Amino acid sequence: MLGSMSDLSFVNEDWERALCVVAHPDDLEFGGAAAVARWIRQGKTVVYCMVTSGEAGIDGMDPSECKRVREAEQVESARIVGVDVVEFLEQSDGVLEYGVPLRRAIASVVRKHKPEIVITNNFRDTWGRQSLNQADHIATGKATLDAVRDAGNRWVFPEQIKAGLEPWGGVTHAWAAGSPDARHGADITETFDVGVESLKAHSAYIAGLGWENFDPAEFLEGMSRATGSRLGVAHGSPFEVLSMGWGE
Ligand SMILES: [Zn+2]
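Everything in this summary refers to the structure shown in the same document. (Residues numbered from 1 in each chain as written. Predicted model: local features only at pLDDT ≥ 70, side-chain atom pairs only at ≥ 80, totals over all residues. Heavy atoms only, no water.)

Looking at a nonpolar patch on the surface
On the surface, a nonpolar cluster with roughly 290 Å² of combined accessible area is contributed by W211, F219 and M223. Position of F219 among the secondary structure elements: in helix α8 (residues 216–231). Owing to a relative accessible area of 34%, F219 belongs among the partly exposed residues under this scheme. (Patch = residues over 30% accessible without salt bridge, like charges linked within 9 Å, V, L, I, M, F, W, Y side chains within 5 Å. Areas by Shrake-Rupley, 256 points an atom, 1.4 Å probe, with all protein chains shown as cover. Salt bridge = Lys/Arg side-chain N within 4 Å of Asp/Glu carboxyl O. Helix = DSSP H or I, 4+ residues; strand = E, 2+ residues; numbered from the N terminus. Buried < 20%, exposed > 50% of the residue type's maximum accessible area, 1.4 Å probe, protein only.)

Take a look at the structure:
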(Lines give C-alpha, C1' and ligand atoms only; values in the text may rest on other atoms or scores of the structure.)
Protein backbone atom coordinates (compact mmCIF):
# COMPACT_ATOMS: atom_id res chain seq x y z
CA MET A 1 0.00 0.00 0.00
CA LEU A 2 1.86 3.01 -1.27
CA GLY A 3 2.00 5.89 1.13
CA SER A 4 0.60 3.97 4.09
CA MET A 5 1.64 5.15 7.52
CA SER A 6 4.31 3.17 9.33
CA ASP A 7 2.77 2.06 12.60
CA LEU A 8 5.74 0.06 13.89
CA SER A 9 8.91 1.52 15.40
CA PHE A 10 12.34 -0.05 15.06
CA VAL A 11 13.48 -2.08 18.06
CA ASN A 12 16.38 -0.67 20.05
CA GLU A 13 19.62 -2.29 18.91
CA ASP A 14 21.88 -0.66 21.50
CA TRP A 15 22.74 -3.79 23.47
CA GLU A 16 25.34 -6.55 23.48
CA ARG A 17 23.77 -9.79 24.73
CA ALA A 18 20.40 -11.43 24.15
CA LEU A 19 18.90 -14.71 25.28
CA CYS A 20 16.08 -16.28 23.27
CA VAL A 21 13.79 -18.58 25.27
CA VAL A 22 11.19 -20.50 23.26
CA ALA A 23 9.16 -23.67 23.76
CA HIS A 24 10.23 -25.69 20.73
CA PRO A 25 12.92 -26.16 18.13
CA ASP A 26 11.56 -24.28 15.05
CA ASP A 27 9.76 -21.55 17.04
CA LEU A 28 12.46 -18.97 16.29
CA GLU A 29 12.83 -20.05 12.69
CA PHE A 30 9.18 -19.29 11.96
CA GLY A 31 9.89 -15.56 12.03
CA GLY A 32 12.58 -14.38 14.45
CA ALA A 33 15.74 -16.05 13.18
CA ALA A 34 16.47 -13.53 10.42
CA ALA A 35 16.51 -10.80 13.06
CA VAL A 36 18.94 -12.86 15.13
CA ALA A 37 21.16 -13.20 12.05
CA ARG A 38 21.12 -9.39 11.72
CA TRP A 39 22.17 -8.90 15.34
CA ILE A 40 24.95 -11.49 15.07
CA ARG A 41 26.28 -9.55 12.06
CA GLN A 42 26.26 -6.43 14.22
CA GLY A 43 28.64 -8.23 16.58
CA LYS A 44 26.12 -9.03 19.29
CA THR A 45 26.00 -12.29 21.26
CA VAL A 46 22.77 -14.28 21.11
CA VAL A 47 22.13 -17.54 22.97
CA TYR A 48 19.21 -19.89 22.28
CA CYS A 49 17.31 -21.76 24.98
CA MET A 50 14.78 -24.44 24.01
CA VAL A 51 12.41 -25.27 26.87
CA THR A 52 11.54 -28.62 25.24
CA SER A 53 13.27 -30.60 22.52
CA GLY A 54 10.08 -30.73 20.45
CA GLU A 55 9.99 -34.49 20.95
CA ALA A 56 6.19 -34.68 20.56
CA GLY A 57 6.27 -32.77 17.29
CA ILE A 58 6.40 -35.51 14.65
CA ASP A 59 3.42 -37.87 14.52
CA GLY A 60 5.26 -40.72 12.87
CA MET A 61 8.40 -40.62 15.02
CA ASP A 62 8.91 -41.95 18.54
CA PRO A 63 9.73 -39.14 21.00
CA SER A 64 13.13 -40.53 21.98
CA GLU A 65 14.25 -40.56 18.35
CA CYS A 66 12.47 -37.30 17.62
CA LYS A 67 14.30 -35.54 20.47
CA ARG A 68 17.66 -36.48 18.99
CA VAL A 69 16.64 -35.43 15.46
CA ARG A 70 15.11 -32.13 16.46
CA GLU A 71 17.93 -31.09 18.79
CA ALA A 72 20.35 -31.67 15.91
CA GLU A 73 18.15 -29.67 13.53
CA GLN A 74 17.97 -26.79 16.03
CA VAL A 75 21.73 -26.73 16.57
CA GLU A 76 22.24 -26.60 12.79
CA SER A 77 19.62 -23.94 12.35
CA ALA A 78 21.29 -21.86 15.08
CA ARG A 79 24.68 -22.33 13.41
CA ILE A 80 23.26 -20.98 10.14
CA VAL A 81 22.37 -17.64 11.74
CA GLY A 82 25.59 -17.55 13.78
CA VAL A 83 24.39 -18.70 17.20
CA ASP A 84 26.92 -21.03 18.87
CA VAL A 85 25.15 -21.87 22.12
CA VAL A 86 21.82 -23.72 22.29
CA GLU A 87 20.55 -24.78 25.71
CA PHE A 88 17.92 -27.52 25.98
CA LEU A 89 15.96 -27.50 29.25
CA GLU A 90 14.35 -30.89 28.46
CA GLN A 91 10.90 -30.06 29.80
CA SER A 92 8.04 -32.16 28.41
CA ASP A 93 6.87 -31.12 24.95
CA GLY A 94 3.15 -30.48 24.56
CA VAL A 95 2.29 -30.38 28.24
CA LEU A 96 4.22 -27.39 29.58
CA GLU A 97 2.57 -25.66 32.51
CA TYR A 98 3.10 -22.09 33.53
CA GLY A 99 4.38 -22.20 37.09
CA VAL A 100 7.28 -22.12 39.50
CA PRO A 101 9.18 -25.14 38.11
CA LEU A 102 9.24 -23.58 34.64
CA ARG A 103 10.25 -20.19 36.06
CA ARG A 104 13.04 -21.88 38.02
CA ALA A 105 14.44 -23.63 34.93
CA ILE A 106 14.39 -20.44 32.85
CA ALA A 107 15.75 -18.21 35.65
CA SER A 108 18.86 -20.38 35.88
CA VAL A 109 19.58 -19.80 32.18
CA VAL A 110 19.07 -16.03 32.59
CA ARG A 111 21.49 -16.04 35.54
CA LYS A 112 24.01 -18.08 33.59
CA HIS A 113 24.06 -15.96 30.40
CA LYS A 114 23.38 -12.47 31.85
CA PRO A 115 21.50 -11.01 28.86
CA GLU A 116 20.29 -7.42 28.50
CA ILE A 117 17.45 -8.45 26.19
CA VAL A 118 15.37 -11.60 26.57
CA ILE A 119 13.39 -12.68 23.55
CA THR A 120 10.54 -15.13 23.78
CA ASN A 121 7.74 -16.15 21.51
CA ASN A 122 4.26 -14.72 21.25
CA PHE A 123 2.44 -15.63 24.47
CA ARG A 124 -0.88 -13.95 23.63
CA ASP A 125 -3.93 -16.15 23.14
CA THR A 126 -3.85 -15.81 19.35
CA TRP A 127 -1.50 -14.88 16.51
CA GLY A 128 -4.08 -12.25 15.55
CA ARG A 129 -7.68 -12.68 14.50
CA GLN A 130 -8.77 -16.30 14.98
CA SER A 131 -5.47 -18.13 14.69
CA LEU A 132 -5.09 -19.74 18.12
CA ASN A 133 -1.73 -19.83 19.84
CA GLN A 134 -0.42 -23.06 21.36
CA ALA A 135 -0.35 -23.86 25.08
CA ASP A 136 3.42 -24.42 25.33
CA HIS A 137 4.11 -21.02 23.73
CA ILE A 138 1.80 -19.26 26.18
CA ALA A 139 3.28 -21.04 29.22
CA THR A 140 6.85 -20.40 28.08
CA GLY A 141 6.34 -16.72 27.34
CA LYS A 142 4.61 -15.96 30.61
CA ALA A 143 7.13 -17.98 32.64
CA THR A 144 9.99 -16.23 30.84
CA LEU A 145 8.75 -12.77 31.81
CA ASP A 146 8.55 -13.85 35.45
CA ALA A 147 11.87 -15.69 35.32
CA VAL A 148 13.58 -12.48 34.22
CA ARG A 149 12.42 -10.84 37.44
CA ASP A 150 13.16 -13.97 39.48
CA ALA A 151 16.73 -14.02 38.18
CA GLY A 152 17.50 -10.67 39.80
CA ASN A 153 16.33 -11.67 43.26
CA ARG A 154 18.87 -13.70 45.22
CA TRP A 155 16.15 -14.97 47.56
CA VAL A 156 14.16 -16.52 44.73
CA PHE A 157 15.55 -19.94 43.77
CA PRO A 158 18.42 -19.42 46.27
CA GLU A 159 19.70 -22.94 45.61
CA GLN A 160 20.98 -21.62 42.26
CA ILE A 161 22.95 -18.93 44.06
CA LYS A 162 24.35 -21.49 46.49
CA ALA A 163 25.39 -23.58 43.50
CA GLY A 164 27.46 -20.70 42.14
CA LEU A 165 25.19 -18.63 39.91
CA GLU A 166 24.83 -14.94 40.67
CA PRO A 167 21.63 -12.89 40.69
CA TRP A 168 21.20 -11.12 37.35
CA GLY A 169 18.98 -8.05 37.22
CA GLY A 170 20.41 -6.62 34.02
CA VAL A 171 17.59 -7.48 31.63
CA THR A 172 16.12 -4.18 30.48
CA HIS A 173 13.44 -5.49 28.12
CA ALA A 174 11.69 -8.66 27.09
CA TRP A 175 10.55 -8.97 23.49
CA ALA A 176 7.84 -11.32 22.27
CA ALA A 177 8.45 -12.34 18.66
CA GLY A 178 5.42 -12.46 16.40
CA SER A 179 3.02 -11.00 18.94
CA PRO A 180 -0.23 -9.60 17.55
CA ASP A 181 0.34 -6.70 19.99
CA ALA A 182 3.72 -5.82 18.44
CA ARG A 183 4.44 -2.11 18.18
CA HIS A 184 8.07 -2.63 17.15
CA GLY A 185 9.97 -4.51 14.49
CA ALA A 186 13.42 -5.31 13.17
CA ASP A 187 14.56 -4.70 9.61
CA ILE A 188 15.45 -8.17 8.28
CA THR A 189 15.83 -7.18 4.64
CA GLU A 190 19.55 -8.04 4.56
CA THR A 191 19.23 -11.35 6.41
CA PHE A 192 15.89 -12.64 5.13
CA ASP A 193 17.58 -15.39 3.08
CA VAL A 194 19.61 -16.57 6.07
CA GLY A 195 16.36 -16.87 7.99
CA VAL A 196 14.90 -19.03 5.23
CA GLU A 197 17.94 -21.32 5.35
CA SER A 198 17.60 -21.65 9.11
CA LEU A 199 13.97 -22.77 8.73
CA LYS A 200 14.94 -25.27 6.04
CA ALA A 201 17.29 -26.87 8.58
CA HIS A 202 14.18 -28.25 10.30
CA SER A 203 13.68 -30.68 7.42
CA ALA A 204 12.48 -33.71 9.40
CA TYR A 205 10.00 -31.54 11.27
CA ILE A 206 8.71 -29.84 8.13
CA ALA A 207 8.34 -33.23 6.39
CA GLY A 208 6.47 -34.51 9.44
CA LEU A 209 3.96 -31.67 9.26
CA GLY A 210 2.73 -33.11 5.98
CA TRP A 211 1.97 -29.68 4.55
CA GLU A 212 1.84 -30.22 0.82
CA ASN A 213 3.99 -27.87 -1.24
CA PHE A 214 5.19 -25.98 1.83
CA ASP A 215 7.76 -23.44 0.68
CA PRO A 216 9.73 -21.92 3.60
CA ALA A 217 10.76 -18.86 1.58
CA GLU A 218 7.23 -18.12 0.43
CA PHE A 219 5.79 -18.70 3.88
CA LEU A 220 8.29 -16.41 5.63
CA GLU A 221 8.04 -13.79 2.90
CA GLY A 222 4.28 -13.52 3.38
CA MET A 223 4.84 -12.49 6.97
CA SER A 224 7.99 -10.43 6.54
CA ARG A 225 6.61 -8.32 3.68
CA ALA A 226 3.54 -7.43 5.72
CA THR A 227 5.63 -6.42 8.72
CA GLY A 228 8.16 -4.68 6.49
CA SER A 229 5.50 -2.45 4.98
CA ARG A 230 4.48 -1.39 8.50
CA LEU A 231 8.13 -0.52 9.23
CA GLY A 232 8.88 1.11 5.90
CA VAL A 233 11.38 -1.57 4.80
CA ALA A 234 11.20 -4.58 2.47
CA HIS A 235 11.24 -7.31 5.12
CA GLY A 236 10.49 -6.94 8.82
CA SER A 237 10.04 -9.09 11.91
CA PRO A 238 7.58 -7.91 14.61
CA PHE A 239 8.26 -7.79 18.36
CA GLU A 240 6.13 -6.79 21.33
CA VAL A 241 8.50 -4.87 23.61
CA LEU A 242 7.96 -5.09 27.38
CA SER A 243 10.00 -3.02 29.82
CA MET A 244 11.43 -4.98 32.73
CA GLY A 245 12.13 -1.86 34.74
CA TRP A 246 9.63 0.27 36.58
CA GLY A 247 7.90 3.24 35.00
CA GLU A 248 9.83 3.16 31.75
ZN1 LIG B 1 6.22 -24.05 18.85
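Text resumes after the structure shown.
Topic: the sheet that holds strand β4 (residues 86–91)
The eight strands are arranged β1-β7-β8-β6-β5-β2-β3-β4 in an open sheet whose pairing can be described as mixed. Each edge of the open sheet is held by one strand with a lone partner, namely β1 (9–10) and β4. Sheet strands in contact with helix α1 (residues 33–41) are β2 (17–22), β3 (45–52), β5 (117–121), β6 (173–177), β7 (184–187) and β8 (236–243), and its direction is about 150° off that of β3. Contacts from helix α2 (residues 63–81) reach β3 and β4, with the element oriented near 155° to β4. (Pairing = 2+ DSSP bridges. Contact = heavy atoms within 4.5 Å. Axes fitted to C-alpha atoms, helices over the stretch in contact; angles between N-to-C directions.)

Regarding the coordination of the zinc ion
Around the zinc ion, the donor atoms from the protein are H24 (ND1), D27 (OD) and H137 (NE2), and they sit 2.0 to 2.2 Å away. Of note, the zinc ion draws all its donor residues from one chain, in the sequence arrangement H-x2-D-x109-H. Taken together, the residues span a long stretch of sequence, with D27 in the loop between β2 and α1 and H137 in helix α4 (residues 135–151) at a distance of 110 residues. Exposure class is identical for D27 and H137. Each is buried. (Donors = N, O, S within 2.8 Å, 3.2 Å for Na, K, Ca; no water.)

Describing the packing of aromatic side chains
The geometry of an aromatic ring pair is captured by the separation of the ring centres together with the interplanar angle, meaning the angle of the planes. This structure, assessed with the given rule, holds ten aromatic pairs. Aromatic pair W15 and W175: ring centres 6.0 Å apart, planes at 80°, arrangement edge-to-face. Here W15, found in the loop between β1 and β2, pairs with W175, found in strand β6; they are 160 residues apart in sequence, far enough to count as distant. When its relative accessible area of 3% is taken as the criterion, W15 is described as buried. Arranged with centres 5.2 Å apart and planes meeting at 70°, the rings of W211 and F214 form a pair that is edge-to-face. Among the aromatic residues, those joined into a cluster by ring pairs are W15, W39, W175 and F239. (Phe/Tyr/Trp six-rings, centres within 6.5 Å; stacked < 30°, edge-to-face > 60°.)

Considering helix α6 (residues 192–200)
Looking at α6, one finds that the buried residues are F192, V194, G195, V196, S198 and L199. Summarising the contacts, the buried residues of α6 are in contact with α1, α2, α7 (203–209) and α8.

A word on the packing of helix α3 (residues 100–113) against α4
Where α3 meets α4, the axes come as close as 8 Å, and the angle between the chain directions of the two elements is 55°. For the element pair α3 / α4, the angle class is oblique. The interaxial crossing formed by α3 with α4 has right-handed handedness. For the pair formed by α3 and α4, the contact residues are L102, R103, I106, A107, V110 and R111 on the first element and A139, T140, A143, T144, D146, A147, D150 and A151 on the second. (Parallel < 35°, antiparallel > 145°, perpendicular 65-115°, else oblique. Left-handed = near helix turned anticlockwise from the far one by under 90°.)

Here's the deal with the pairing of β7
Where β1 meets β7, two bridges bridge the pair, whose relative direction is parallel. Within β7, the residue paired with F10 across the bridge is G185.

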